[in-house]
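Descriptive structure summary
Each chain, letter by letter, is given below.
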Amino acid sequence: VGMVVNGVAHVPFVFVQGRGRPDLTARIHLLEAPVYAFALLWALPRWGLVGAAAVWTARVAVDLLLLTAASWGLSRELGPALARTLGLTVVGAAVVAAAASVDAWEGRLALVGLVWMGGAVVAGRWIARRWTTVRASG
């Protein structure tokens, strides 16, 4: 789950950097560092690697939210795209968590197949809308 969230967080990170504001990402990371360190020191003795993974996942989720807010502050017209990105991130993280909770490989395979089919339907609808728009304007 943390890997999905962290992968998506690279998008606003790069946007903020590309807009010439590396100071914003530095400030965000400086704010996160002590909280992350204390949470890690608290969770590790109690839950071991699972606790460390949970704390890291929480940190990258906060990182995504703060970087998204910074991106929105730099370019207000990104609002709808940022909202879609956050929504899709939640869906992706939920799918990964669901797959991790299934014990049998057959169940995981079925879940992956359902996700692929759902993604194909969404992509097909998106392509059809774009194609209709292009044909209507051209």
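Here's what I pulled together on the structure shown here. (Residues numbered from 1 in each chain as written. Predicted model: local features only at pLDDT ≥ 70, side-chain atom pairs only at ≥ 80, totals over all residues. Heavy atoms only, no water.)

1. Here's the deal with the overall build of the protein
Tallying secondary structure elements over the protein gives four helices and zero strands in all. The helix and strand sequence of the protein, counted from the amino end, reads α-α-α-α. Computed over the C-alpha atoms, the radius of gyration of the protein is 19 Å, more than 25% above the 14 Å expected from 2.2 N^0.38 for a compact globule of 138 residues. Along the longest, intermediate and shortest principal axes, the C-alpha atoms of the protein span 60 × 45 × 15 Å. When the 138 residues of the protein are sorted by exposure, 20% land in the buried category. The long-range share in the protein, meaning contacts at least 24 apart out of those at least 6 apart in sequence, stands at 65%. (Helix = DSSP H or I, 4+ residues; strand = E, 2+ residues; numbered from the N terminus. Rg over C-alpha atoms; globule rule 2.2 N^0.38 Å. Buried < 20%, exposed > 50% of the residue type's maximum accessible area, 1.4 Å probe, protein only. Contact = heavy atoms within 4.5 Å.)

2. Quick notes on the layout of surface pockets
Gaps left between atoms are located by rolling a probe of water-molecule size over the structure's atoms. Size it by volume and the largest pocket reaches roughly 180 Å³. Lining the largest pocket we find Leu88, Val91, Gly92, Val95, Val115 and Gly119. At the level of secondary structure, the elements contributing two or more residues to the lining of the largest pocket comprise helix 3 (79-101) and helix 4 (105-137). By residue number, the principal contributor to the lining of the largest pocket is helix 3, which donates four residues. Along the lines of polarity and charge, the residues of the lining of the largest pocket split into four nonpolar, two polar and no charged. (1 Å grid on protein atoms, 1.4 Å probe; cavity = no way out; pocket = protein on both sides within 12 Å on 5 of 7 lines; lining within 4 Å. Points joined across faces, edges and corners; volume = space filled by probe spheres on them. Nonpolar A, V, L, I, M, F, W, Y, C, P; charged D, E, K, R; others polar.)

3. Some words on the side chain of Ser71
For Ser71, the position within the fold is in helix 2 (residues 22-74). Those residues within four positions of Ser71 in sequence are excluded, and the remaining contacts are Pro12, Phe15, Val16, Leu78 and Leu82.

4. A look at the pattern of salt bridges
A full pass over the atoms with the stated rule returns three salt bridges. Ionic pairing is found between Asp23 and Arg21, a salt bridge with its closest N-O pair at 2.9 Å. Under the relative-accessibility criterion, Asp23 is labelled partly exposed at 27%. The network of salt bridges with shared partners includes Arg21, Asp23 and Arg27. (Salt bridge = Lys/Arg side-chain N within 4 Å of Asp/Glu carboxyl O.)

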